[in-house]
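One-letter residues, chain by chain:
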Amino acid sequence: MTNTNSDIITIALDKLDRDPKNVRKTYRKEGIEELASNIRADGFRLLQNIVVRKGDKRGRFFVIAGERRRLALTLLAEAGEIPRDFAVDAKLRDEADATGISLAENIMREDMHPVDQYEAFKVLADKGVSVVDIAARFATTETIVKRRLALARVAPALLQLYRNEEMNLEQLSAFTMSDDHEEQVRVWESLPSWNRNSYTIKAALRHDAIAPSDKRIRLIGGMEAYEQAGGEVKRDLFDERSQGYAVDVALVERLAAEKLEALAGELRLEGWAWVDIRPEIDWRDLNGFGRVYPEQVEKTEAEQAEVARLQEEHDELEAVVESGDGDEGTEARIAEIVARIGELDREVYESDDLAWSGAIISLDYSGNPVVYRGYVRPEDRDSDAEADQAEGNGDAATSVNTDATLQAPAGPNVLHSATLVEDLTAQRTAALRLEFAKNHHVALASVVHALLLQTILTHSRDHSCLDIVLTSKPIAGSMKAPENNIAVAGLSELAERFDDHVPGNPADIFDWCLERDQHELVELLAFAAAHSIDAVKDKYDYRKTQRAHAEVLADALDLDMTNYFEATAETYFNHLTRDGIEAALVDIKGPDFASGVGRMKKAEAAAYAEAQTKGSAWLPSPIRPAKAAANVVDRLSVDDDSDDEVHGVADDTGEADQPEDELMQFPEAAE
């Protein structure tokens, strides 16, 4: 030990011990390693001296304040980077001060302000110090350094608002989408105070840039395909997935057009008189069109009885598989039943109808190609009717229906049990609730909409999925593993945050609410109303019109279920038959990847499906997004020329997942 001044002494590292009076008992291993990296990057120097007192044994000292620094130095000594008797400067204090000093060291501290971090990092970056070195010097991650440096894009006036606590970090980070300071300030000042969330700010700054969730991007194969075609991408460093935005709109349009044209070529081979490509379509666009429908082969009484018997047997066997008691023989029998029902439920278009009707190819909300088959243009319908009348045919209208309702799918490809559909839609409801709680504008609009249905439009409450009574249905019981659900965890975190602020005495809550500003009230409203959402499809499915509105709500919230659900053996494939797994794989990756599933055991098939699905962002049909404007659509399969609906779903009641009378229109709900 050596004296350097009145209270600073130099002590060998191996003479320092942990102080039993230190109020802090727990240290993260990762934190010690990060601090060691910081000390190493700064030439093995401590920025702040430790504080010690004399130990119980002669020549030894207890570390009152600076135990993390001692542990980090010890880690470096054990690694051989510094000697075990490394000289450490310390302040010597009396034992009586030990607890007070330790408490002050651990409590009276404050993390560095993000803008101060940005300015410190920028000084080093301007000197040519790399991001890696800056991260090491400050014991932080490269991502944090990049995000702080990105704040250089934000207008100084907005940075000052953040310093003044008039803006939160999430809002500030949203402005890094643009380098135009004047535009940033204009956007901030133009937005109402209650709608200045990061999503709205980013949307206002993006202009024509296309998000990776856009249906055109999904159609062409994602941002990777766009970049491979030479497209420029603008990255958002504050997006955890860092997918960026497509800047070259013309390129995206061209790639999408090429993809749709190729699919239209496949469709023309079916023999339609015409095929139109309309990437964006609304049910109003089909007003005035006539319809021709496929003819279903009429079943005999014996065949009808056979279908009923097979469906009953299928439901019983499916319940056995769901319980885990099924074997290969059970699954084989289910496959036979499904195949036989398909043989008895065939629909075909008459050649005469094909000669004067057509098909429209479009995109659904997810960017999947969809086909509207059997539509008759107004001019063709009128001319045909005139011709029939001239021939004395008074029944011309019977072959054409002017209703714009879309045709129901020919038949399911993957059969889901009712319990699995309930589980998946419960998970989607949880995701809807979390996204709803975070999007205050949509939440406010939705609540107003629900209230209008009970006041101005009386007896129309069923047309909202918000049970605004407020009734909150527990959805954990409908999930197979709610403890693993990301959205449920997110809702719990929000509940804990709000619980810390709301008074514990119910009598005080009203006055407390009166003292809140509009932003806080809207935030609380979104949180509370989120719990009323019920888009679960249970075994009885009494809420068809409400679930139709849930599709509109998901659209307004830009819900991406891939953020909350991944198809794995545990979450999905274990609950399907082996043939169901094979059908799902055909949908996901094509028949080549699914051909060997039939020779695998159930567990092997589920594990194989999980491996093939990983990273694909594929979703089972019960939780895929769907436009409420379209009742039910015929899905065009790229790999299969049949008319089967690739994403068709049947529950164990044998009903199609979305019958025609299930979906209603809510064009004003998202406005």
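Residues numbered from 1 in each chain as written. Predicted model: local features only at pLDDT ≥ 70, side-chain atom pairs only at ≥ 80, totals over all residues. Heavy atoms only, no water.

(A) Looking closely at the overall build of the protein. The helix and strand tally for the protein stands at 26 helices and 17 strands. Nonlocal contacts in the protein, meaning residues at least 24 apart in sequence, comprise 74% of its contacts between residues at least 6 apart. (Helix = DSSP H or I, 4+ residues; strand = E, 2+ residues; numbered from the N terminus. Contact = heavy atoms within 4.5 Å.)

(B) Up close: the pairing of strand β2 (residues 8-12). Most of β2 is tucked away, with 5 of its 5 residues classed as buried. Here β2 shows no split at all, with Ile8, Thr10 and Ala12 on one side and Ile9 and Ile11 on the other all buried. As paired elements, β2 and strand β6 (residues 87-92) share 5 bridges and run antiparallel to each other. Across the sheet, Ile9 pairs through a bridge with Ala90, a residue of β6. (Buried < 20%, exposed > 50% of the residue type's maximum accessible area, 1.4 Å probe, protein only. Pairing = 2+ DSSP bridges.)

(C) Quick look at the packing of aromatic side chains. Summed over all chains, the structure comprises 7 aromatic pairs. Centre to centre, the rings of Trp274 and Phe289 are 6.4 Å apart; their planes meet at 50 degrees, and the pair counts as tilted. Pair noted here: Trp274 is in strand β9 (residues 274-277) and Phe289 is in the loop between β9 and β10 (290-291), with a separation of 15 residues, a long-range link. Assessed through its relative accessible area of 7%, Phe289 is described here as buried. Ring geometry for Phe573 versus Trp618: centroids 6.5 Å apart, planes at 15 degrees, classification stacked. Pair noted here: Phe573 is in the loop between α23 (544-556) and α24 (578-589) and Trp618 is in the loop between α26 (602-613) and β16 (634-635), with a separation of 45 residues, a long-range link. (Phe/Tyr/Trp six-rings, centres within 6.5 Å; stacked < 30°, edge-to-face > 60°.)

(D) Structural detail: the packing of helix α14 (residues 301-323) against helix α15 (residues 328-344). At a minimum axis separation of 9 Å, α14 and α15 run at an interaxial angle of 150 degrees. As summarised for this structure, α14 and α15 are arranged roughly antiparallel, according to the angle between their axes. The way α14 lies across α15 gives a crossing that is left-handed. Contacts from Glu303, Glu306, Val307, Arg309, Leu310, Gln311, Glu313, His314, Leu317, Glu318 and Val321 of α14 reach α15 at Thr330, Glu331, Arg333, Ile334, Ile337, Val338, Arg340, Ile341 and Leu344. Residue composition of the contact of α14 with α15, by class: 9 nonpolar, 3 polar and 8 charged. (Axes fitted to C-alpha atoms, helices over the stretch in contact; angles between N-to-C directions. Parallel < 35°, antiparallel > 145°, perpendicular 65-115°, else oblique. Left-handed = near helix turned anticlockwise from the far one by under 90°. Nonpolar A, V, L, I, M, F, W, Y, C, P; charged D, E, K, R; others polar.)

(E) Expanded view of the packing of helix α4 (residues 114-126) against helix α7 (residues 156-163). It is at 9 Å that the axes of α4 and α7 come closest, and there the two elements cross at 135 degrees. Compared by their axis directions, α4 and α7 come out oblique. In this structure, α4 uses Pro114, Val115, Asp116, Tyr118 and Glu119 to contact α7, whose residues at the interface are Leu159, Tyr162 and Arg163. Tallied by class, the residues present in the contact of α4 with α7 amount to 5 nonpolar, no polar and 3 charged.

(F) Looking closely at the side chain of His575. Within the secondary structure layout, His575 lies in the loop between α23 and α24. One polar contact links the side chain of His575 to the main-chain carbonyl oxygen of Glu570, over a distance of 3.1 Å. Residues within four places of His575 in sequence aside, it is in contact with Glu322, Leu420, Lys480 and Glu570. (Polar contact = N/O pair within 3.5 Å; in protein donor to acceptor, adjacent residues only side chain to side chain.)

(G) Main features of the environment of Lys146. With respect to the helices and strands, Lys146 occurs in helix α6 (residues 142-150). Linking Lys146 and Tyr118, residues 28 residues apart in sequence, is a C-alpha distance of 9.3 Å.

(H) Representation of the nonpolar core. One finds Leu432, Phe436, Leu553, Tyr572, Phe573 and Ile581 to be the most contacted residues of the largest nonpolar core, which totals 53 residues. Sort the elements by how many residues they give to this core and helix α18 (residues 418-438) lands first, with 9 residues. Excluding anything up to four places from it in sequence, Phe573 contacts Ala567, Thr568, Ile581, Ala584, Ile588, Lys602, Ala606, Ala609, Glu610 and Thr613. Core analysis: the second largest hydrophobic core is formed by 27 residues, Met223, Leu251, Val275 and Val376 among them. (Core = buried A, V, L, I, M, F, W, Y, C linked by side-chain atoms within 4.5 Å.)

(I) Summary view of helix α9 (residues 181-190). For α9, every residue scored as buried is listed here: Glu183, Gln184, Val187 and Trp188. Around the axis of α9, the buried residues are gathered within 135 degrees of arc, so they sit on the same side. Opposite its buried face, α9 presents the exposed residues Glu182 and Glu189, each directed more than 90 degrees away. Where α9 starts, the residue carrying a side-chain oxygen 3.1 Å from the main-chain nitrogen of Glu182 turns out to be Asp180. (Arc of directions from axis to C-beta.)

(J) Highlighting the pairing of strand β13 (residues 358-363). For β13, the tally of buried residues reaches 6 of 6 residues, placing the bulk of the element in the interior. Burial of β13 is two-sided: the residues Gly358, Ile360 and Ser362 facing one way and the residues Ala359, Ile361 and Leu363 facing the other way are all buried. Bridge analysis of β13 against strand β14 (residues 369-376) gives 6 bridges, and the strand direction is antiparallel. Considered in β14, the bridge of Gly358 is made with Tyr375.

(K) Local environment of the pattern of salt bridges. Summed over the entire model, instances satisfying the criterion amount to 20 salt bridges. Residues Asp19 and Arg53 are paired through a salt bridge, measuring 2.8 Å at the closest nitrogen-oxygen approach. Taken together, the residues Asp19 in the loop between β3 (16-18) and α1 (29-41) and Arg53 in strand β4 (residues 50-54) connect sequence positions 34 residues apart. You'll find Asp19 and Arg53 in the same group, each marked buried. Among the ionic pairs, Asp276 bridges to Arg377, the shortest N-O distance being 3.2 Å. Of this pair, Asp276 sits in strand β9 while Arg377 sits in the loop between β14 and α17 (378-390); the two residues are 101 residues apart in sequence, bridging distant segments of the chain. A cluster of three or more residues bridged by salt bridges with shared partners is formed by Glu313, Arg333 and Glu336. (Salt bridge = Lys/Arg side-chain N within 4 Å of Asp/Glu carboxyl O.)

(L) The arrangement of the side chain of Asp587 in detail. With respect to the element layout, Asp587 can be found in helix α24. At 3.0 Å, the side chain of Asp587 and the side chain of Trp618 are in polar contact.

(M) Region of the structure containing unusual backbone geometry. Its identity is not glycine, yet Phe44 carries a phi of approximately 60 degrees, on the positive side. Within the secondary structure, Phe44 sits in the loop between α1 and β4. Phi is positive for Glu165, which is not a glycine, with a value near 65 degrees. For Glu165, the position within the fold is in the loop between α7 and α8 (169-174).

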